[in-house]
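An overview of the molecular structure
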Amino acid sequence: MVALAFLPELWTEILIPVCAVVGIAFSLFQWFIVSRVRVSGDQGASSSGGSKNGYGDYLIEEEEGVNDQSVVAKCAEIQTAISEGATSFLFTEYRYVGVFMVFFAAIIFVFLGSVEGFSTENKPCTYDDTKTCKPALATAAFSTIAFILGAVTSVLSGFLGMKIATYANARTTLEARKGVGKAFIVAFRSGAVMGFLLAASGLLVLYITINVFKIYYGDDWEGLFEAITGYGLGGSSMALFGRVGGGIYTKAADVGADLVGKIERNIPEDDPRNPAVIADNVGDNVGDIAGMGSDLFGSYAEASCAALVVASISSFGINHDFTAMCYPLLISSMGILVCLITTLFATDFFEIKAVKEIEPALKNQLIISTAIMTVGIAVVSWVGLPSSFTIFNFGTQKVVQNWQLFLCVCVGLWAGLIIGFVTEYYTSNAYSPVQDVADSCRTGAATNVIFGLALGYKSVIIPIFAIAISIFVSFSFAAMYGVAVAALGMLSTIATGLAIDAYGPISDNAGGIAEMAGMSHRIRERTDALDAAGNTTAAIGKGFAIGSAALVSLALFGAFVSRAGVHTVDVLTPKVIIGLLVGAMLPYWFSAMTMKSVGSAALKMVEEVRRQFNTIPGLMEGTAKPDYATCVKISTDASIKEMIPPGCLVMLTPLIVGFFFGVETLSGVLAGSLVSGVQIAISASNTGGAWDNAKKYIEAGVSEHAKSLGPKGSEPHKAAVIGDTIGDPLKDTSGPSLNILIKLMAVESLVFAPFFATHGGILFKYL
């Protein structure tokens, strides 16, 4: 008698979509609350909730005699400009990406269809010759459909995230007039809208796709879940262009605005006289929000696909135990419910009253979600898995207990928390590493750069140990399936992770709007405090994305090796070692391309900003308006043009290596890119984050040490601004894009594995 999961199949079929719908409903509810903050001149405009959240609070402007109506109107005008700029850029980007999507979908269909010569006859299954599976042509067709679905969902995730952020930024600014707690709640609720919408829609689309494909595939679960891998490929390929294009856009504007505005003209950040200021604020939304949304959606889709592929050839798939098969989706469903409870701690159970409470509140979100999720995983593992089962392990079936799989997911979940806290330690100005970097600015920009680079390299150590331990534990217990569910464990609290990540750019925009609208210094101090905490949470989000990318990439690598029929990857063979060397080089090549792109785009931006300051009379005096549109156009044109070469490098490398050199060399390339890509990504993100917060530490001047380095415009401050400017492309373009590189190459190799196994390695065949 075959042991089946405790939870009946019918309950599984109800629970997963219900949890997804609950997540979507909760995000819409949060959006409704945020929408009650009016961005208009209405008297009695309400705040984000009941009496606790802001009815009847007097405004700072009323106290200081500033005309409230004109401030609100100005905020609304700036918000509209940022929203229109972001929407225009994303539509332009998606037009180019749409062409790529159609072209690549055709490649998937032709390459996979050619495996069996476009035959429509059933074939023996890859892992069990005694059974027959659907033809390769069916896999080609369904993989193509899954690819398009993943791509569209990824694009929508990024676009909706951007719309929510641009909707919330001015509302956060207006609430800052009533207190830092009110502003925090609006920014955080808006982040939660994006987090829950993305997590729930990703789960729902994947679940519906599986069930629709099952109508055709029937009992051929091996073919079904092989086709589903296209979903992960679609999600990550769109994320790559979103991350690279958005990253180039935002940093070209940021670097241009900072170099001319702060250093040459000595005007504050987000000063309305700066021609690049609107482009800078647009960039926060298209890079940090739309890019991060697509990126984490891609990670989630790929981790799910890797787990499902391995499960389909394990006892879950062989015995057609649908509940156990859906274990990865049940983890994600539980994650949505856990994140929902966690969010209430920040928005309803506790109230932020002082600046110093902001960062602990965000950190508590990570701790609470991880603690509750541990219990949630235990429940899912008990009801969703048989007590004992077998997992495919490179040609053999490994016996695994349900408690072992529970530990695999937990080790990923807790490794994510450790990476998050280590990232926070190295990038928050509350701790000594960033304060040391700030102190090094006394002797100029050179020492600041040296200290920042050293910090970035040092910050790699603990996250790598955390990833290494989680890989060892999860692989020991449940082979590559264990690694895949460990990645899902790290991503199980994705809704909370995205909420605290999206909070950062929303707060940053809120500060920019406060400055441009001419609000009082006290309000700017509040938005700066929100922004400083947001910088750290953005770094934590990047840490999660990179850590999960490492686990996801390894799980996909294992699935690829199994599917391509490679029994061992021997590093002593020339085919593999050349692949390792080339693969380890690719992240450097990719980083060089993206950083050069930011540099050349920033050069044009600097020249344009200088031109306007020199040629528009009355601009510095504030009597004339700058030409914002030209700067927005420079960023848009540069990012669209410059995102194509790095995108082609990532997308074409697996196809070229697999076709010409074969699956063994491609295995080496994937392993090499994983090992070097993770290290560079962590160090780049943390170096940039540390430089940014060292600058903010000096600007805030809260402690005696910070005051001795300031104020704004002092020589140490100028050195800090230079460090921050160097770090911009590291933390927002190259670093975050690298985790997509390692995932995307692995999932692409998995999707094309049947083609490479059949037709690959043509150079070695004829040499």
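Our structure is the block above this text.
Owing to the predicted nature of the structure, the values given are computational and were not obtained by experimental measurement.

Moving on to the layout of surface pockets. To locate leftover empty space, one rolls a probe as large as a water molecule over the atoms. The computed volume of the largest pocket comes to approximately 890 Å³. What lines the largest pocket is a set of 30 residues, and nearest its centre among them are Glu525, Asp528, Ala529, Ala700 and Val702. Those elements giving two or more residues to the lining of the largest pocket turn out to be helix H11 (358-384), helix H16 (494-516), helix H17 (521-563) and helix H21 (663-700). Of the residues forming the lining of the largest pocket, the biggest block, eight residues, is contributed by H17. Residues belonging to the lining of the largest pocket are distributed by class as follows: 13 nonpolar, six polar and eleven charged.

Attention now goes to the pairing of strand E4 (residues 396-401). One face of the sheet, then the other: side chains in a regular strand alternate in exactly this way. Here strand E3 (residues 388-393) pairs with E4 via six bridges, running antiparallel. For threonine 390, the partnering residue across the bridge sits in E4 and is valine 399. Hairpin connection, E3 to E4: the antiparallel pair is bridged by two residues, and phenylalanine 394 has positive phi, about 50°.

The N-to-C vectors of helix H15 (residues 461-491) and H21 enclose an angle of 140°; their axes lie 10 Å apart at closest approach. Taken together, the axes of H15 and H21 are oblique relative to one another. Remark: the crossing between H15 and H21 carries right-handed chirality. Across from Pro463, Ile464 and Ile467 in H15, the residues of H21 making contact are Val678, Gln679 and Ile682. Split into classes, the residues belonging to the contact of H15 with H21 amount to five nonpolar, one polar and no charged.

With that settled, consider the side chain of threonine 153. You can see threonine 153 is positioned in helix H4 (residues 136-175). Overall, threonine 153 belongs to the buried group, its relative accessible area being 9%. A polar contact of 2.7 Å, which involves the side chain of threonine 153, links it to the backbone oxygen of leucine 149. The residues contacting threonine 153, other than those within four sequence positions of it, are Gly202, Val205, Tyr231 and Phe297.

Moving on: the packing of aromatic side chains. Across all of its chains, the model carries 31 aromatic pairs by this definition. Relative to tyrosine 249, the ring of phenylalanine 89 has its centre 4.8 Å away and its plane inclined at 50°; by these criteria the two rings are tilted. Residue phenylalanine 89 is located in helix H3 (residues 68-113), and its partner tyrosine 249 is located in helix H6 (residues 221-264); the two are separated by 160 residues in the primary sequence. An aromatic cluster of at least three residues, connected via ring pairs, comprises Phe100, Phe104, Phe111, Phe147, Phe241, Phe659, Phe660, Phe752, Phe755 and Phe756. We note arginine 171 situated over the ring of tyrosine 167; from NZ or CZ to the ring centre the distance is 3.8 Å. A cation over an aromatic ring shows up here: lysine 214 above the ring of phenylalanine 322, its NZ or CZ 3.8 Å from the ring centre.

Here we come to the environment of valine 193. Mapping valine 193 onto the fold places it in helix H5 (residues 180-217). What makes valine 193 buried here is its relative accessible area of 4%. Along the backbone, valine 193 and serine 600 are 407 residues apart, and their C-alpha atoms lie at a distance of 35 Å.

About the thresholds
- Residues numbered from 1 in each chain as written.
- Predicted model: local features only at pLDDT ≥ 70, side-chain atom pairs only at ≥ 80, totals over all residues.
- Heavy atoms only, no water.
- 1 Å grid on protein atoms, 1.4 Å probe; cavity = no way out; pocket = protein on both sides within 12 Å on 5 of 7 lines; lining within 4 Å.
- Points joined across faces, edges and corners; volume = space filled by probe spheres on them.
- Helix = DSSP H or I, 4+ residues; strand = E, 2+ residues; numbered from the N terminus.
- Nonpolar A, V, L, I, M, F, W, Y, C, P; charged D, E, K, R; others polar.
- Pairing = 2+ DSSP bridges.
- Axes fitted to C-alpha atoms, helices over the stretch in contact; angles between N-to-C directions.
- Parallel < 35°, antiparallel > 145°, perpendicular 65-115°, else oblique.
- Left-handed = near helix turned anticlockwise from the far one by under 90°.
- Contact = heavy atoms within 4.5 Å.
- Buried < 20%, exposed > 50% of the residue type's maximum accessible area, 1.4 Å probe, protein only.
- Polar contact = N/O pair within 3.5 Å; in protein donor to acceptor, adjacent residues only side chain to side chain.
- Phe/Tyr/Trp six-rings, centres within 6.5 Å; stacked < 30°, edge-to-face > 60°.
- Lys NZ or Arg CZ within 6 Å of the ring centre and 35° of its normal.

No statement about biological role is implied by the geometric values presented.
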